[in-house]
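# Coordinate inspection notes
Residue strings, one per chain:
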Amino acid sequence: MLLNLAAILPGFILLVWGANRFVEGAAGTARALGVSPLIVGLTIVGFGTAAPEILVSAMAAFAGNPALGVGNAIGSNINNIALILGVTAIIAPLHVRRVSLRRELPLLIAIMLVGAGLLIDRELDRIDGAVLLAGLAGFIAWLVHIARASRENDPLTAEFAAGIPAEMPLPRALGLLALGLAVLLVSSRLLVWGAVNLATALGVSDLVIGLTVVAIGTSLPELAASVIAARRGEHDIAIGNVLGSNVFNLLAVMGLPGVIRPGPVPDAVLTRDFPIMIGLTLAFFFLAYGVGRAGRVSRLSGGLLLAAFGAYQAILYFGILR
């Protein structure tokens, strides 16, 4: 047990550190080769935001534990809405732009419904995975389109653009890229090994470990980024951070296990986790929607979201005890 925990904690730390170095190196390399900052922000930085979840999902699938990756994707989305936005709103109430409520949130809900439809047969196969990954390519193309067409920064594009590092020499960028990728591969493998063994030691499923330990751990960078952005008054970035991460989780993190290791999906994903994820997203929509005023997530709304996070963890806990 202690050995497993000793693998998980360094795994999380190295995963976040490696993701940051990977983004710096990849973005620096792309900019040195003449790629536009817009494309760098919407692709490399976008993928880098979800890199911990993506690598953990891929490694879990290669190791024969695709349910851990599915749990990581759904659990991270639940954490992003209930825990991250809840804590952020309590610290600094969030002002939500109408464009987010009119366009980004409905898109996220639509992607959730499509994901649930693909899993309705309780199977995540290669066709399902390919559909989700194709949706990711379409999502990035759509982001590029709206970024070029809009005079104002969209919350999603603003969040990705904020992560573009300063220009750097090509050799340094390539070095950071290689180092970050190596650390990501090693740390994600270490984390998956510790998480799977922890699940075995506790007698719980890979899905539950993915929904709890792994999902909370991989969501911590988004929590820190959203709180810092909100305290600086950059509410668009705080909200775009969560919306963008949730889309990447559903399309990339959940799509990879289907392509790499197709297999059955536990019933609880459709009967418990997906409905809770969709319900929390809808709850955030209605909490943020201001009738006759600008959208705002108050401290009270943040407290309600945080209470929902606690209730979900309790549901998982008492489910284990049965």
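What this report covers is the structure whose coordinates are included nearby.

### A look at the packing of helix α4 (residues 66-91) against helix α9 (residues 206-231)
Each pair of packed helices can be summarised by the angle the axes make with each other and by the distance between the axes. Where α4 contacts α9, the two axes come as close as 6 Å, and the packing angle between them is 35 degrees. Crossing geometry of α4 relative to α9 is assigned as right-handed. Residue classes in the contact of α4 with α9 are distributed as 14 nonpolar, 11 polar and 3 charged.

### With respect to the nonpolar core
One finds I74, L119, L250, M254, V269, F274 and F284 to be the most contacted residues of the largest nonpolar core, which totals 85 residues. Of all the elements, α4 adds the most residues to this core, at 11 residues. Beyond its immediate chain neighbours, meaning those up to four positions away, M254 contacts V70, A73, I74, G115, L119, L124, L132, N249 and F274.

### Structural notes on the packing of aromatic side chains
Ring pairs (aromatic) are described by centroid distance and by the angle formed between their planes. According to the stated counting rule, one finds 4 aromatic pairs in the structure shown. Judged by centre distance (5.4 Å) and plane angle (85 degrees), the rings of F285 and F286 are edge-to-face. Of the residues examined, F285 reaches a relative accessible area of 18% and is grouped as buried. These aromatic residues form a ring-pair network of at least three members: F139, W142 and F248. Over the ring of W17 we find R21, and its NZ or CZ is 5.0 Å from the ring centre.

### Some details on the environment of V196
In this fold, V196 is placed in helix α8 (residues 170-202). Excluding residues within four positions of it along the chain, V196 makes contact with N65, L68 and D206.

### Some words on the side chain of N246
Its location among the elements puts N246 in helix α10 (residues 235-253). Overall, N246 belongs to the buried group, its relative accessible area being 0%. Once residues lying within four places of it in the same chain are set aside, the contact partners of N246 are S76, N77, N80, I81 and L108.

### Quick notes on the pattern of salt bridges
Per the counting criterion, the structure on display carries 2 salt bridges. Across the salt bridge formed by D267 and R122, the nearest N and O atoms sit 3.2 Å from each other. Of this pair, D267 sits in helix α12 (residues 267-288) while R122 sits in the loop between α5 (98-118) and β2 (123-124), and the two are 145 residues apart along the sequence. With a closest N to O distance of 2.7 Å, R272 and D273 form a salt bridge. The same class applies to R272 as to D273, namely buried.

### Focus: α12
Across its 22 residues, α12 extends 31 Å between first and last C-alpha, which sits within 8% of the 32 Å expected from 1.5 Å per residue. Helix geometry: α12 is bent most strongly at D273, by close to 35 degrees, with proline P275 lying one to four residues after it. For α12, the full list of buried residues reads V269, L270, R272, D273, F274, M277, I278, L280, T281, F284, F285 and A288.

### Digging into α4
In a regular helix each residue adds 1.5 Å, so 26 residues correspond to 38 Å; α4 covers 36 Å between its end C-alpha atoms and thus fits that length. Its axis deflected by about 35 degrees at N80, α4 carries its strongest bend there. Here α4 lies mainly inside the structure; 22 of its 26 residues are buried.

### With respect to the environment of V16
Positionally, V16 belongs in helix α1 (residues 2-32). V16 sits in the partly exposed class, given a relative accessible area of 27%. Between the C-alpha atoms of V16 and P52, which are 36 residues apart in sequence, the distance is 6.7 Å.

Calculation rules
- Residues numbered from 1 in each chain as written.
- Predicted model: local features only at pLDDT ≥ 70, side-chain atom pairs only at ≥ 80, totals over all residues.
- Heavy atoms only, no water.
- Axes fitted to C-alpha atoms, helices over the stretch in contact; angles between N-to-C directions.
- Helix = DSSP H or I, 4+ residues; strand = E, 2+ residues; numbered from the N terminus.
- Left-handed = near helix turned anticlockwise from the far one by under 90°.
- Nonpolar A, V, L, I, M, F, W, Y, C, P; charged D, E, K, R; others polar.
- Core = buried A, V, L, I, M, F, W, Y, C linked by side-chain atoms within 4.5 Å.
- Buried < 20%, exposed > 50% of the residue type's maximum accessible area, 1.4 Å probe, protein only.
- Contact = heavy atoms within 4.5 Å.
- Phe/Tyr/Trp six-rings, centres within 6.5 Å; stacked < 30°, edge-to-face > 60°.
- Lys NZ or Arg CZ within 6 Å of the ring centre and 35° of its normal.
- Salt bridge = Lys/Arg side-chain N within 4 Å of Asp/Glu carboxyl O.
- Expected span 1.5 Å × (residues − 1).
- Bend = angle between axes of the 7 residues up to and from the residue.

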